[in-house]
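What the coordinates show
Below are the chains, spelled out letter by letter.
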Amino acid sequence: MAADPRTPRSGGFSPRVLDCSSVEAALWAWQGPRPLVDLSRLRKFDAFGLLVLVLLGRILKERGGELRVLVPENRETHHRLGATPLASLLQGAYWTNRPLEMTSDPPPFTVVQVREEEGVTGLVNQLGDELSARFPFGERANRMLIGALFELLQNIPQHAAAGEHDLDPFGLAAVEEDSHHIHVVVADKGVGLAGSLRLNPRYRHLTPPQALEAILVDGASRLDKPGRGGTLRKIREVVKENAGRFYVRSGEAAFLQQDVEWSVGKVLDFPGVQISVRLPRTLFEPGEEG
Amino acid sequence: MGDKKTVSLTQFGKRLGTRGEGTQAREVLLREIQTLGQPGLLVVDFRGLEVLSGSFADEALGELLATLVEGALPGRYVMGRATREEILEDLNLKLAERKLALLVGLGGKNWTAVGKLPPYLEEALRWVMDRGWGRSAELAQELGLTVQQASMRLLALGQLRLVHMEAESRAGGGYQWRVQSLCSFISGR
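Bear in mind that the values here come from a model prediction, so they are computed numbers and not experimental data.

**Section: a negative patch on the surface**
A cluster of acidic residues, E241 of chain A together with E85, E86 and E89 of chain B, forms a negative patch at the surface. As for its placement among the helices and strands, E86 of chain B is situated in the loop between strand 5 (76–81) and helix 3 (89–97). Among the residues examined, E86 of chain B registers a relative accessible area of 34% and is labelled partly exposed.

Take a look at the structure:
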């Protein structure tokens, strides 16, 4: 296909893969009020990459900017992207070089929007029912994942706008599967983990990476009440015990748990919290129960 | 002996997850406890649940037990009933954070203390559970403790609402604790 001469130049960054591993490089390339998101060479994307793209579009719209997208040239990738709720979640807050064709194909993964705490159980049940139907023999793993979804999803209405009542955190969650893993993504553009934790005077002095470590390793919470906090640490420990991968980025910090090792460091500042939980598919399949 | 009611948590759903729902469940449980006479036992039935998240468990049961341990509703107790311990994993963590424990019957004579119970208290609780009831002097003799040490252990179990206890006069003067296991409320021992 010949390139449209009116199409803006991408500045060189045109990922083939947009996923949890490549999204950091993408965010560096897509800075400014009207970044050109060149997906023309895209062949593969995951729920993490998609949700970050949605949040980027929403943030730019709020700031008066616009997400400009060069849609994938690969037909299959184009259709796969068109089957996601990308366009509906962006609500017109984007420009594309040609229409993103909506298809009636089943979406590559389920995405739900998290608004009020009252709605969390319905959303978790929807995702849980899909998981149970898909993996009827993975009772223990399903229970583990559904329990984690409850905690991760209710964190959005409870903490993502802590201290900022006018902020719309625009929480999203997705569950996807590939040949080796079940992948859960929960993302918002709220105050972030450090922003929430700093409301507790005990943790006010912590840098964003230290805040992530305090929450994910030590179980710190902005609330000093007994019984509060520790849920993200628990999820991290469950992932570790089950040979999974746990990635959390929040503000200008990111935390990665892989195998028994964890690391934390600085990344490009991006609002909110974006979490990826990846568990081996074998946990959900017959023969791995118990 | 004693008043007893059972409440199934499945009335709130098979997957229990949010703090808000946990708060509603606690209000229901509290209302049920308030209707019990003294001594009275509320059995919280976990059977049939698929998921019990830490947030729900903490709000429904952690807060409830904390209220009782602080002294509310004397003579009223809570224990659980389950067939599988896995469903109690997150409850166990939350109660441990609060330094509380819940006795859970697992069918037959099997039981477990979910939450945090130091080994010396677990030893005393096991003695009470095996016998159904006992006095501090008997516990002291059985475990090679002083009567004062045994009394302190039973008192601690009573404060955690893991046994029902009554002070009774001793023949030689003073008083001693007579404790009764919560399971004896069910079996009528």
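**Focus: the domain arrangement of chain B**
All names here are of chain B. Domains assigned within chain B are domain 1 (1–116) and domain 2 (118–189). Between domain 1 and domain 2 lies a buried interface of about 1800 Å² when both sides are counted; carbon and sulfur atoms form 69% of it. Our count for the contact surface shared by domain 1 and domain 2 stands at zero salt bridges. For the interface between domain 1 and domain 2, the tally reads five residue pairs in polar contact (both at pLDDT 80 or more).

**Focus on the sheet that holds strand 9 (residues 163–169) of chain B**
Residue and element names in this part refer to chain B. Spatial ordering of the open sheet is given by 8-10-9, a layout of three strands whose pairing is antiparallel. Either end of the sheet is taken by a strand with one partner, and the two such strands are strand 8 (133–135) and strand 9. Between one strand and the next, the sheet's axes are offset by a mean angle of 20°, whatever the strand orientation. Both strand 9 and strand 10 (residues 175–181) contribute to a ladder of seven bridges, which runs antiparallel. Within the sheet, the bridge partner assigned to E168 lies in strand 10 and is Q176. Packing against the sheet, helix 4 (residues 119–131) makes contact with strand 8, strand 9 and strand 10, and its axis sits at approximately 125° to strand 8. The sheet contacts of helix 6 (residues 147–159) involve strand 8, strand 9 and strand 10, and relative to strand 9 the element is tilted by about 135°.

**Describing the sheet that holds strand 1 (residues 3–8) of chain B**
Residues and elements named next belong to chain B. Read across the sheet, five strands follow the order 1-3-5-6-7 without closing on themselves; strand pairing throughout is mixed. Two strands in the sheet have a free side with no partner beyond their single neighbour: strand 1 and strand 7 (111–115). Across the sheet, the axes of successive neighbouring strands diverge by a mean angle of 30°, strand direction being ignored. Docked against the sheet, helix 1 (residues 19–34) engages strand 1, strand 3 (40–45) and strand 5, running at close to 150° with respect to strand 3.

**Concerning the nonpolar core**
Burial of nonpolar side chains together is a common tendency in soluble globular proteins. Residues and elements named next belong to chain B. In terms of nonpolar packing, the biggest core is built from 61 residues, with F46, L52, V78, L91, L117, L125 and L157 touching the most fellow members. The element that contributes the greatest number of residues to this core is helix 2 (residues 54–69), accounting for eight residues. Residue assignment places this core across two domains, with domain 1 (1–116) and domain 2 (118–189) each supplying three or more. The residues touching V78, leaving out its near neighbours within four places in the chain, are I33, L41, L42, V44, L64, L65, L68, L102 and L182.

**Remarks on the packing of helix 5 (residues 120–134) of chain A against helix 6 (residues 139–159) of chain A**
All names here are of chain A. At their nearest, the axes of helix 5 and helix 6 sit 10 Å apart, and the two run at 155° to each other. Classified by the angle their axes make, helix 5 and helix 6 are roughly antiparallel. Regarding helix 5 and helix 6, the two cross each other, and that crossing is right-handed. Mapping the contact onto sequence places V120, T121, L123, V124, L127, G128, L131 and S132 in helix 5 and N142, L145, I146, L149, F150, L153, Q154 and P157 in helix 6.

Cut-offs applied
- Residues numbered from 1 in each chain as written.
- Chains lettered and ligands numbered in written order.
- Predicted model: local features only at pLDDT ≥ 70, side-chain atom pairs only at ≥ 80, totals over all residues.
- Heavy atoms only, no water.
- Patch = residues over 30% accessible without salt bridge, like charges linked within 9 Å, V, L, I, M, F, W, Y side chains within 5 Å.
- Areas by Shrake-Rupley, 256 points an atom, 1.4 Å probe, with all protein chains shown as cover.
- Salt bridge = Lys/Arg side-chain N within 4 Å of Asp/Glu carboxyl O.
- Lys, Arg positive; Asp, Glu negative; His and termini not counted.
- Charge placed at Lys NZ, Arg CZ, Asp CG, Glu CD.
- Helix = DSSP H or I, 4+ residues; strand = E, 2+ residues; numbered from the N terminus.
- Buried < 20%, exposed > 50% of the residue type's maximum accessible area, 1.4 Å probe, protein only.
- Domains from an automatic or database assignment.
- Buried area = accessible area lost by both parts, 1.4 Å probe.
- Polar contact = N/O pair within 3.5 Å; in protein donor to acceptor, adjacent residues only side chain to side chain.
- Pairing = 2+ DSSP bridges.
- Axes fitted to C-alpha atoms, helices over the stretch in contact; angles between N-to-C directions.
- Contact = heavy atoms within 4.5 Å.
- Core = buried A, V, L, I, M, F, W, Y, C linked by side-chain atoms within 4.5 Å.
- Parallel < 35°, antiparallel > 145°, perpendicular 65-115°, else oblique.
- Left-handed = near helix turned anticlockwise from the far one by under 90°.

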